[in-house]
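# Summary of structural features
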Amino acid sequence: AQSVAQPEDQVNVAEGNPLTVKCTYSVSGNPYLFWYVQYPNRGLQFLLKYITGDNLVKGSYGFEAEFNKSQTSFHLKKPSALVSDSALYFCAVRRSYNTDKLIFGTGTRLQVFP
Amino acid sequence: DGGITQSPKYLFRKEGQNVTLSCEQNLNHDAMYWYRQDPGQGLRLIYYSQIVNDFQKGDIAEGYSVSREKKESFPLTVTSAQKNPTAFYLCASSIGVGGQPQHFGDGTRLSIL
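About the thresholds
Residues numbered from 1 in each chain as written. Chains lettered and ligands numbered in written order. Predicted model: local features only at pLDDT ≥ 70, side-chain atom pairs only at ≥ 80, totals over all residues. Heavy atoms only, no water. Disulfide = S-S within 2.5 Å. Helix = DSSP H or I, 4+ residues; strand = E, 2+ residues; numbered from the N terminus. Buried < 20%, exposed > 50% of the residue type's maximum accessible area, 1.4 Å probe, protein only. Contact = heavy atoms within 4.5 Å. Buried area = accessible area lost by both parts, 1.4 Å probe. Salt bridge = Lys/Arg side-chain N within 4 Å of Asp/Glu carboxyl O. Polar contact = N/O pair within 3.5 Å; in protein donor to acceptor, adjacent residues only side chain to side chain. Nonpolar A, V, L, I, M, F, W, Y, C, P; charged D, E, K, R; others polar. Pairing = 2+ DSSP bridges. Axes fitted to C-alpha atoms, helices over the stretch in contact; angles between N-to-C directions. Phe/Tyr/Trp six-rings, centres within 6.5 Å; stacked < 30°, edge-to-face > 60°. Lys NZ or Arg CZ within 6 Å of the ring centre and 35° of its normal.

## Thoughts on the state of the cysteines
All names here are of chain B.
- Here the structure, examined in full by the defined rule, presents 2 disulfides over all chains.
- With a sulfur-sulfur separation of 1.9 Å, Cys 23 is cross-linked through a disulfide to Cys 91. Measuring handedness by torsion sign, the sulfur bridge of Cys 23 and Cys 91 sits at about -75° and is left-handed. With a gap of 68 residues between them, Cys 23 in strand β3 (residues 19-25) and Cys 91 in strand β9 (residues 87-94) connect regions that are remote in the sequence. Assigned by exposure class, Cys 23 and Cys 91 land together as buried.

Set out below in structure tokens:
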């Protein structure tokens, strides 16, 4: 069965420093992986996805993610964090072939301190 | 602008009452989804619909019902059989196939009076 894990409930980083939010996955077949961000009392916003191709995927708001097949990871990164990046981040994996249904991780709260 | 509209933003339910959450999209997406979000548990799939007049149970469908009479609309009813309905409910839509991203509404927060 497909699954994703976000091992950190919270990540704290100082503004201007690089940030990493971790995600590992377990899938049969080729993984379709996604990152979303959620601000308080709002829906999820799509940041980026990996289907195939380059292992480094660039997305919205300066975020990028690195796909690592050998480590079954898809970590979200940003070179320089902003206070406005503080939010809840979700990793997700497609459930099965020929569908857009997703399985979500439990989320990681990112706190960027000024 | 295209998007997904959920209403109301806040909803209160009395004991023994059914309530219906609205979800409308103008993205021309075939697939629609309902999720429940509880703190620390991520998003759990309640129901989904790949096309009009068809829908399937997700992981936690007990105590909920849906309909899909129009492509644009996918209302969720929280019935009195759902004993712990307090949560944040999110509706999403997507093209339907090919691993495309889902687009989300801004949610409805349901509480018990």
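After that view of the structure, there is still more to cover.
## Details of the interface of chain B and chain A
- In this complex, chain B contributes 27 residues to the contact, which on the side of chain A involves 23 residues.
- Counting each side, the surface lost to burial between chain B and chain A is near 1900 Å², with a carbon and sulfur contribution of 48%.
- One can count 2 salt bridges joining chain B with chain A.
- Measuring nitrogen to oxygen at the nearest pair gives 3.1 Å for the salt bridge that ties Arg42(A) to Asp106(B).
- Inspection of the region where chain B meets chain A yields 12 residue pairs in polar contact (both at pLDDT 80 or more).
- Looking at the side of chain B that touches chain A element by element, the count peaks at 4 residues for strand β5 (residues 43-51) of chain B.
- Taken together, the residues that form the side of chain B that touches chain A break down as 11 nonpolar, 12 polar and 4 charged.

## Details of the sheet that holds strand β7 (residues 64-66) of chain B
Residues and elements named next belong to chain B.
- Strand order in the open sheet formed by 4 strands is β1-β3-β8-β7, with antiparallel pairing between adjacent strands. Unpaired on one side and paired on the other, β1 (4-7) and β7 mark the two borders of the sheet. When the angles between neighbouring strand axes are averaged without regard to direction, this sheet yields 20°.
- Relative to β3, β1 runs antiparallel, the two sharing 4 bridges. Within the sheet, the bridge partner assigned to Ile 4 lies in β3 and is Gln 25.

## Quick look at the packing of aromatic side chains
- Applying the stated criterion across every chain yields a total of 16 aromatic pairs over all chains.
- Summarising the aromatic geometry, the rings of Tyr25(A) and Phe67(A) are spaced 5.9 Å apart at their centres and angled 20° between planes, so their arrangement reads as stacked. Here the residue Tyr25(A) occupies a position in strand β4 (residues 24-26), and Phe67(A) occupies one in strand β8 (residues 64-68), the gap between them amounting to 42 residues.
- We classify Tyr25(A) as buried; its relative accessible area is 8%.
- We classify Phe67(A) as buried; its relative accessible area is 6%.
- Within the aromatic cluster, the residues linked to one another by ring pairs are Phe34(A), Tyr36(A), Phe46(A), Phe90(A), Phe104(A), Tyr33(B), Tyr35(B) and Phe104(B).
- For Lys78(A), the ring lying beneath its charged end belongs to Phe63(A), and the centroid distance is 5.0 Å.
- The aromatic ring of Phe74(B) is capped on one face by Arg68(B), whose charged end is 6.0 Å from the ring centroid.

Spatial relationships are all this shows, so hold off on functional conclusions.
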